[in-house]
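# Structure assessment
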Amino acid sequence: MADDQLIVDGPILFENVMRVMQAGVVRIGGRRLEVDFTHVTEVDSSAVSMLLEWLRTAQAKGCQLRLVNLPENLRSLIKLYDVVDLLPLDDRNPS
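All of the points below concern the structure found in this document. (Residues numbered from 1 in each chain as written. Predicted model: local features only at pLDDT ≥ 70, side-chain atom pairs only at ≥ 80, totals over all residues. Heavy atoms only, no water.)

Note that strand β1 (residues 5-12) and strand β2 (residues 32-43) share seven bridges and pair parallel. By the bridge assignment, Ile7 is partnered in β2 with Asp36. Note that the unit made of β1, helix α1 (residues 17-27) and β2 has a crossover that is right-handed. (Pairing = 2+ DSSP bridges. Helix = DSSP H or I, 4+ residues; strand = E, 2+ residues; numbered from the N terminus. Right-handed = clockwise from strand over helix to strand, strands pointing away.)

What follows concerns the nonpolar core. In terms of nonpolar packing, the biggest core is built from 30 residues, with Ile12, Phe37, Leu51 and Trp54 touching the most fellow members. Breaking this core down by element, the ones donating at least two residues are β1, α1, β2, α2 (46-61), β3 (64-68) and α3 (72-80). In terms of residue count, α2 provides more of this core than any other element does, seven residues in total. Among residues more than four places away in sequence, those in contact with Phe37 are Val8, Ile12, Met50, Leu51, Trp54, Leu67, Val68, Asn69, Leu70, Pro71 and Leu74. (Core = buried A, V, L, I, M, F, W, Y, C linked by side-chain atoms within 4.5 Å. Buried < 20%, exposed > 50% of the residue type's maximum accessible area, 1.4 Å probe, protein only. Contact = heavy atoms within 4.5 Å.)

To continue, consider the environment of Met18. Here Met18 is to be found in helix α1. Met18 sits in the exposed class, given a relative accessible area of 52%. Through-space distance from the C-alpha of Met18 to that of Leu77 is 18 Å; in sequence the pair is 59 residues apart.

Counting across every chain of the model gives three salt bridges. We note a salt bridge from Glu34 to Arg66, for which the minimum N-O separation is 2.5 Å. Separated by 32 residues along the polypeptide, Glu34 in strand β2 and Arg66 in strand β3 bring together distant segments of the chain. For Arg66, a relative accessible area of 32% puts it in the partly exposed group. (Salt bridge = Lys/Arg side-chain N within 4 Å of Asp/Glu carboxyl O.)

Let's shift gears to the sheet that holds β1. Taking strand neighbours across the sheet as the criterion, the three strands line up as β1-β2-β3 in an open arrangement whose pairing is parallel. Edge positions in the sheet fall to β1 and β3, since each of these pairs with one other strand and no more. Across the sheet, the axes of successive neighbouring strands diverge by a mean angle of 25°, strand direction being ignored. Alignment of β2 against β3, held across five bridges, turns out to be parallel. Counterpart to Glu34 in the pairing with β3 is Arg66. Along the sheet face, α1 touches β1 and β2 and points at about 180° away from the line of β1. (Axes fitted to C-alpha atoms, helices over the stretch in contact; angles between N-to-C directions.)

Right under this line is the structure:
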């Protein structure tokens, strides 16, 4: 895994979101970080809160965050909570 990439895998649910969030927070730093969600298997609304926390952390550390390969169900939740414009979603993934 490259220093500027974080690969998230498995579920992101209320039961484990704090662990996943903390794993991401410790990786945020440097100039940029690409977070790849290719291997995420399941999400609930807690994943949206996690993304917002990662964004706040990245902004505080001066790190450019880029979210790629989000599963469609996570994209739907992002739209539902009307935070599409806040999150640095990869343009290659249709909204």
